[in-house]
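As a plain string of letters, each chain reads:
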Amino acid sequence: VPNAARTRAETGKVVRELLLEHVETPLDADELGDELPLGDDGLGLDSIAVVEVLLACEERWDVSPVDLIEGPPLRIGDVVDHFAPA
Amino acid sequence: VSSRAALHALGGLTIRAPRLVHGAAGVLVPPLRRFGRSSFAPEHVRELLPELSPAQARRIARRSWADHVRAHLLHGAAMHDPGGRIQELLVDDGGLSELEGPVVLAFPHLGPMALVRPALWRVRGELVVVQLNDAPSEFPHITTYTTRGEGASTRALYAAVGALRSGRSVAIATDSPPRTLVVPWFARSVAFARGAFVLSRLAKVPIVPMVARWEGHRGRVVLGPRLGPFADEREGAEAYGAWLEGYLREAPTELIRRFVDPAFTAGPRPAAAPAAARAAPSR
């Protein structure tokens, strides 16, 4: 999907697919709500997995995640909002 | 902690009279080895290196404990050294001043580690240091990132990947749990932190092992060969572990508790990686 035509839902689908590649417990994408944290109290991803997901998003959409990682602990919705077109 | 603080407080003396302080530490400290939490038993040295005699193993255990105390004195010296006089204690930077990046400088906390810092000052290009403490760099060509604190590891790792991809080098320690890779180590196995090997994989750059080594009351930095880049983290950790094991076989007096004591080393030697993984491209 070209960046300009991409919707938030389409961005969310890709983000969830990338996250699922790093989750140890098998989950379905529809179990990954926007409020679910990426870290220990949610998906259980470590910092290495988080960076790998963010790098994959950056390479795919050419959007830097620097502002995102400067903020509070990440939830799935934060990642989707950051990379979804404004 | 209090004994460590006392050693650091004595560090100022180490800068003013290094030969005297290190000589005194070398004489006074070994008999106190059994009281030291960082000491290890000579028989554990012989489990790693059975060719050594009991007397040689005892000498290594005593020497290692004395060096542990001397390393803390030197660390204290670095803390009391705004003028950079600690550089006088660095015999050789191991070629860091000639280092061509980008590479991951991967190091264990071995030997006179406080001398790694002045050695890194000499790196010509820009350098990123990933570290546990949050001390900022006093040099414009060195940027530090701490891994301590909420989200700090993510920020440090992302910054390190960006630095490597833009041609800068990164220095990072290999002995900080919790995320580790277990690799063969002498007759047993040992765990290394994943960070250095993840960086090599993500940025497709080689790893250069780096250790600090005592030389009398002074020290030198020793660099290993370029290893990788590694598409497989485990392969990178195994190559790094093999180099470090070879270095310590040649210099067993540099052994430290983390690499000797069965409580720190990690069980039986694991099976070798599958041939397919070993055949992964390494350049």
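Look above for the structure.
Scope of this entry: the structure provided in the associated data block.

Conventions we followed
Residues numbered from 1 in each chain as written. Chains lettered and ligands numbered in written order. Predicted model: local features only at pLDDT ≥ 70, side-chain atom pairs only at ≥ 80, totals over all residues. Heavy atoms only, no water. Helix = DSSP H or I, 4+ residues; strand = E, 2+ residues; numbered from the N terminus. Rg over C-alpha atoms; globule rule 2.2 N^0.38 Å. Buried < 20%, exposed > 50% of the residue type's maximum accessible area, 1.4 Å probe, protein only. Contact = heavy atoms within 4.5 Å. Axes fitted to C-alpha atoms, helices over the stretch in contact; angles between N-to-C directions. Parallel < 35°, antiparallel > 145°, perpendicular 65-115°, else oblique. Left-handed = near helix turned anticlockwise from the far one by under 90°. Nonpolar A, V, L, I, M, F, W, Y, C, P; charged D, E, K, R; others polar. Buried area = accessible area lost by both parts, 1.4 Å probe. Salt bridge = Lys/Arg side-chain N within 4 Å of Asp/Glu carboxyl O. Polar contact = N/O pair within 3.5 Å; in protein donor to acceptor, adjacent residues only side chain to side chain. Phe/Tyr/Trp six-rings, centres within 6.5 Å; stacked < 30°, edge-to-face > 60°.

**A short note on the overall build of chain A**
A count of helical and extended segments in chain A gives 4 helices and 0 strands. Ordered by position from the N terminus, the helices and strands of chain A form the series α-α-α-α. Its C-alpha atoms give chain A a radius of gyration of 12 Å, near enough to 12 Å, the size a compact globule of 86 residues would have. With respect to the three principal axes, the spread of C-alpha positions in chain A is 35 × 25 × 20 Å. Evaluated residue by residue, chain A yields a buried proportion of 40% over its 86 residues. In chain A, of all internal contacts separated by at least 6 residues, the share reaching a separation of at least 24 is 58%.

**What about the packing of helix α2 (residues 47-61) of chain A against helix α7 (residues 152-165) of chain B?**
Axis separation between α2 of chain A and α7 of chain B bottoms out at 9 Å; the angle between their running directions is 50°. Relative to α7 of chain B, the element α2 of chain A is oriented oblique. The element α2 of chain A and its partner α7 of chain B pack so that their crossing is right-handed. Contacts between α2 of chain A and α7 of chain B pair S47, I48, V50, V51, L55, E58 and E59 of chain A from the former with S153, T154, L157, Y158, V161 and R165 of chain B from the latter. The residue makeup of the contact of α2 of chain A with α7 of chain B, split by class, is 7 nonpolar, 3 polar and 3 charged.

**A closer look at the interface of chain A and chain B**
A common way to express how large an interface is: the accessible area buried when the components associate. Listed by partner, the interface residues are 16 residues for chain A and 13 residues for chain B. Roughly 1,300 Å² of surface becomes buried between chain A and chain B when both sides are summed, with 65% attributable to carbon and sulfur atoms. When the buried area of chain A at its contact with chain B is split by residue, I48, V51 and I69 of chain A rank highest and sum to 39% of it. Our enumeration of links across chain A and chain B arrives at 3 salt bridges. The closest approach of N and O atoms between R165 of chain B and E59 of chain A, which form a salt bridge, is 3.1 Å. At the junction of chain A with chain B, the criterion picks out 4 residue pairs in polar contact (both at pLDDT 80 or more). No other element matches the 8 residues that α2 of chain A contributes to the side of chain A that touches chain B. Broken down by class, the residue content of the side of chain A that touches chain B amounts to 8 nonpolar, 3 polar and 5 charged.

**Comments concerning unusual backbone geometry**
The linkage connecting G101 of chain B with the following residue, P102 of chain B, adopts the cis geometry, with an omega of 0°. Mapped onto the secondary structure, P102 of chain B falls in the loop between β1 (90-92) and β2 (104-107). A cis amide bond links G228 of chain B to the next residue, P229 of chain B, at an omega of 15°. Its identity is not glycine, yet D62 of chain A carries a phi of approximately 60°, on the positive side.

**Here we look at the environment of I48 of chain A**
On the secondary structure map, I48 of chain A appears in helix α2. A relative accessible area of 5% places I48 of chain A in the buried class. Separated by 26 residues in sequence, I48 of chain A and H22 of chain A place their C-alpha atoms 9.7 Å apart. Those residues in contact with I48 of chain A, other than ones at most four positions away along the chain, are L157, R179, R194 and V198 of chain B.

**Some details on the packing of helix α8 (residues 195-203) of chain B against helix α9 (residues 233-250) of chain B**
Residue and element names in this part refer to chain B. In the contact formed by α8 and α9, the axes pass within 9 Å of each other and the chain directions differ by 125°. Accordingly, the angle class assigned to the pair α8 and α9 is oblique. The two elements α8 and α9 cross, and the hand of that crossing is right-handed. Mapping the contact onto sequence places F197, V198 and R201 in α8 and E233, G236, A237 and Y240 in α9. For the contact of α8 with α9, a count of residues per class yields 4 nonpolar, 1 polar and 2 charged.

**Looking at the packing of aromatic side chains**
Residue and element names in this part refer to chain B. Counting across every chain of the model gives 8 aromatic pairs over all chains. Considering the side-chain rings of F192 and Y240, the 5.0 Å spacing of their centres and the 80° angle between planes classify their relative orientation as edge-to-face. Taken as a pair, F192 in strand β7 (residues 188-193) and Y240 in helix α9 lie far apart in primary sequence, 48 residues in all. The buried category is assigned to F192, whose relative accessible area is 1%. Residue classification places Y240 among the buried residues on the basis of a relative accessible area of 0%. An angle of 10° between the planes, with centres 5.5 Å apart, marks the rings of W243 and Y247 as stacked. Taken together, the positions of W243 and Y247, both in helix α9 and 4 residues apart, correspond to about one turn of that helix.

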